Amino acid sequence: MGKPKILVVDDEESLCEILQFNLEVEGYDVSVAYSAEQALTMHPEQYALILLDVMMGETSGFRMARTLKENPLTASVPIIFCTARDTEDDTVVGLNLGADDYIAKPFSVREVVARVRSVLRRAGAAAPTETVEYEGLALDLRSKRCTADGQEVRLTKKEFEILALLLRNRGVIFSRMDILQRVWSDEVIVLDRTIDVNITRLRRKIGRYGDHIVTRLGYGYGFEA
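The following refers to the structure shown. (Residues numbered from 1 in each chain as written. Predicted model: local features only at pLDDT ≥ 70, side-chain atom pairs only at ≥ 80, totals over all residues. Heavy atoms only, no water.)

### Observations regarding the sheet that holds strand 3 (residues 49-52)
Working definition: the strands of a sheet are paired by backbone hydrogen bonds and lie parallel or antiparallel to each other.
Thinking step 1. Across the sheet, 5 strands lie side by side as 2-1-3-4-5; this open sheet has parallel pairing. Each edge of the open sheet is held by one strand with a lone partner, namely strand 2 (29-33) and strand 5 (101-104). In this sheet, adjacent strand axes meet at a mean angle of 20 degrees when their direction is disregarded. (Pairing = 2+ DSSP bridges. Helix = DSSP H or I, 4+ residues; strand = E, 2+ residues; numbered from the N terminus. Axes fitted to C-alpha atoms, helices over the stretch in contact; angles between N-to-C directions.)

Okay, structure coming up:
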């Protein structure tokens, strides 16, 4: 059975990237759209859930939700609003349009992931399962377990998320800022040195596979086969 597909619709590209990464780490298949107009061309009926901003371009999230609920093909697709429109009236409008949940910005990524899981559970969508592998190195994104040649490797949450990012994007070099934004999205101040320390520990913990985590001076880190 395939992974539940989620569509993130928001005109803030950096926020879309953060949500996409964290939801993919949880094992979901995530697409992004930067406007309601773009989202409506992406066959929204194929998604298990839509995360939707309200204040966007020409077509607001409220208007898009109304369009989806009026179309028999998309009427049953769950919607979670993620928006800075946080008054009681806005929340009531969103829920009256048929939204399954309403999250006010600023929010934590963990809160969004928990709300997504809850809505999908209520909707009866299958729980995501996914393993990312390279030779004998494997990450179970659902149980958050790492194994190397059959032996469990105990990683911290940040180490796991860094490895997941690099392993899912083999051959791509991520700058320290890229890693900070994707892995430390909820924290306010994190030093670049923190990335280096986590990478050093990660290389040591995963044994011979640590040599595949490469450093490109002046650019950042990546995982190369």
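Anyway, onward from the coordinates.
### Topic: the sheet that holds strand 7 (residues 137-140)
Thinking step 1. Spatial ordering of the open sheet is given by 6-7-8-9, a layout of 4 strands whose pairing is antiparallel. Looking at which strands have only one partner, the edges of the open sheet turn out to be strand 6 (131-134) and strand 9 (151-153). Here the strands of the sheet are splayed against their neighbours by 25 degrees on average, with no regard to which way each runs.
Thinking step 2. Note that strand 8 (residues 145-148) and strand 9 share 3 bridges and pair antiparallel. By the bridge assignment, A148 is partnered in strand 9 with Q151.
Thinking step 3. Of the strands in this sheet, strand 6, strand 7 and strand 8 touch helix 6 (residues 157-168), which is tilted by about 115 degrees from strand 7. (Contact = heavy atoms within 4.5 Å.)

### Topic: the environment of K5
Thinking step 1. By the secondary structure assignment, K5 is in strand 1 (residues 5-9).
Thinking step 2. By relative accessible area, which is 26% here, K5 ends up partly exposed.
Thinking step 3. The contact partners of K5, leaving out residues within four places of it in the chain, are D29, Q46, Y47, A48 and L49. (Buried < 20%, exposed > 50% of the residue type's maximum accessible area, 1.4 Å probe, protein only.)

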